[in-house]
Amino acid sequence: MKGIILAGGSGTRLYPITKGISKQLMPIYDKPMIYYPLSTLISAGIREILIITTPEDAAAFRRLLGDGSQFGIMLDYAVQPSPDGLAQAFIIGEEFIGRDSVALALGDNIFDGSQLTRILGETRDVDGGAIFAYEVSDPQRYGVVTFDADGTATSIEEKPAHPKSTFAVVGLYFYDGAVVDVAKRIAPSERGELEITAVNDAYLAAGKLKVHRLYRGDVWLDTGTIDSMSEASAYVEVMQKRTGTIIGSPEVAAYNQGFLSREDLLAQGRALLKSGYGRYLIDAAGE
């Protein structure tokens, strides 16, 4: 399986800050926002990842992440000239994906939880599509999934004015190699975008979409606004200080997957020791 992180968009909800920097390069406590979805994909065992950014921000992402070798992975880059919908990521990444299965992570979504790594590992062998649902208090902001009495998904609506359920579709999607063809067939929405909900609808209509409800102990944070970014930073800070473990570290995720050796992790931790981030890497290596 390959992975894509969609880190484009203009970040208008964060103006004026994002007039000068990509939202996904802004800090969530002690690390750049994009570290979190990158860690999620690595935790799923994915080693080939495409970063899709805006033309203006591409150089900054390359400067931050390089070719991925420091994480034991391979990174490639592409640009999204204009924000024409999440499903456009599959068309942009067609050559990168080939006929492989692919996971799409949104660059401003953060996941954490004890069960999450196990679920991600199980989802890699997807036949059709697999998405995740999380119960929220404001479902009208998201794609909303409804279930029947047996827990089977029956419909998905994009930002409905009157949601039929409180389960939002989170920014992490797994599909088989047919997703590129599916994305090419869907029509733009009234907003003029290729909606990810339309892709999910196509898989649902074909009886090939699995919707996993995240456990209550799992955490999903969408950092699309100033308030939600502040809340996410507070969550990461509190959890890291209380537990002594790090959230959203690509190096630690890669070490846990066997992509980096203990010596690799220690070397990177020592190089970053002045920032404090390095101390977490060293602790994760057991020294």
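Structure shown above.
Residues numbered from 1 in each chain as written. Predicted model: local features only at pLDDT ≥ 70, side-chain atom pairs only at ≥ 80, totals over all residues. Heavy atoms only, no water.

Visitor: Can you lay out the nonpolar core for me, pointing to particular residues and giving the numbers?
Guide: Among the nonpolar cores identified, the biggest contains 51 residues, and Ile49 and Phe174 are the most heavily contacted of them. Not counting residues within four places of it along the chain, the set of residues in contact with phenylalanine 174 comprises Met1, Ala44, Val102, Ala103, Leu120, Thr123, Val126, Gly128, Gly129, Ala130 and Phe132. Counting residues in each nonpolar core, the second largest holds 35 residues, with Ala87, Val169, Val182 and Tyr203 among its members. (Core = buried A, V, L, I, M, F, W, Y, C linked by side-chain atoms within 4.5 Å. Buried < 20%, exposed > 50% of the residue type's maximum accessible area, 1.4 Å probe, protein only. Contact = heavy atoms within 4.5 Å.)

Visitor: How would you explain the pattern of salt bridges if you had to name every residue and give the values?
Guide: One pass over the full model with this rule turns up 11 salt bridges. In this structure, glutamate 195 engages arginine 191 in a salt bridge whose closest nitrogen and oxygen atoms are separated by 2.9 Å. When salt bridges that share partners are traced, they join Arg191, Glu193 and Glu195 into one network. (Salt bridge = Lys/Arg side-chain N within 4 Å of Asp/Glu carboxyl O.)

Visitor: Outline the environment of arginine 216, supporting the account with residue identities and numerical values.
Guide: Here arginine 216 shows up in the loop between strand 12 (209–213) and strand 13 (219–222). Here arginine 216 falls in the exposed class, since its relative accessible area comes to 79%. With 101 residues separating them in the primary sequence, arginine 216 and glutamine 115 have C-alpha atoms 9.8 Å apart. (Helix = DSSP H or I, 4+ residues; strand = E, 2+ residues; numbered from the N terminus.)

Visitor: Give a description of the packing of aromatic side chains that names residues and reports values.
Guide: Two aromatic rings, taken as a pair, are described by how far apart their centres are and by the angle between their planes. One pass over the full model with this rule turns up 9 aromatic pairs. A ring pair is formed by phenylalanine 147 and phenylalanine 167, whose centres lie 5.5 Å apart and whose planes are at 85°; its orientation type is edge-to-face. With phenylalanine 147 in strand 9 (residues 143–147) and phenylalanine 167 in strand 11 (residues 167–175), this residue pair connects regions lying 20 residues apart in the sequence. Grouping residues by exposure puts phenylalanine 147 and phenylalanine 167 together as buried. The structure contains a cluster of three or more aromatic residues connected by ring pairs, namely Phe90, Tyr173, Tyr175 and Tyr203. The ring of phenylalanine 167 carries the charged tip of arginine 213 above its face, separated from the ring centre by 4.8 Å. (Phe/Tyr/Trp six-rings, centres within 6.5 Å; stacked < 30°, edge-to-face > 60°. Lys NZ or Arg CZ within 6 Å of the ring centre and 35° of its normal.)

Visitor: Explain the environment of aspartate 176 residue by residue, including any values.
Guide: Turning to its location among the elements, aspartate 176 is positioned in the loop between strand 11 and helix 6 (179–185). Each C-alpha atom, one on aspartate 176 and one on arginine 63, is 31 Å from the other, the two residues being 113 residues apart in sequence. Excluding anything up to four places from it in sequence, aspartate 176 contacts Asp100, Ser101, Val126, Asp127, Gly128, Tyr203 and Lys208. Only 2.8 Å separates the side chain of aspartate 176 from the side chain of tyrosine 203, close enough to count as a polar contact. (Polar contact = N/O pair within 3.5 Å; in protein donor to acceptor, adjacent residues only side chain to side chain.)

Visitor: Which residues make up helix 9 (residues 250–257), and what are the values?
Guide: The set of residues buried in helix 9 consists of Pro250, Glu251, Val252, Ala253 and Ala254. As for helix 9, its buried residues are in contact with helix 1 (35–43), helix 10 (262–271) and helix 11 (277–284).

Visitor: Kindly report on unusual backbone geometry, identifying the contributing residues and their values.
Guide: Positive phi outside glycine occurs at tyrosine 29, with the angle close to 60°. Inspection of the secondary structure assignment puts tyrosine 29 in the loop between strand 2 (27–28) and strand 3 (31–32). Notably, lysine 159 is not glycine yet its phi reads approximately 45°, a positive angle. For lysine 159, the location among the structural elements is in the loop between strand 10 (153–158) and strand 11.

Visitor: Give me the lowdown on the pairing of strand 11, citing residues and values where you can.
Guide: Taken across its 9 residues, strand 11 has 9 buried, putting it largely inside the fold. Of the strand pairs in this sheet, strand 6 (residues 102–106) and strand 11 are connected by 4 bridges, and their pairing is antiparallel. Across the sheet, leucine 104 pairs through a bridge with tyrosine 173, a residue of strand 11. Taken together, the 6 bridges between strand 8 (residues 129–135) and strand 11 define a ladder with antiparallel strand orientation. Along strand 11, the bridge assignment pairs isoleucine 131 with tyrosine 173. (Pairing = 2+ DSSP bridges.)

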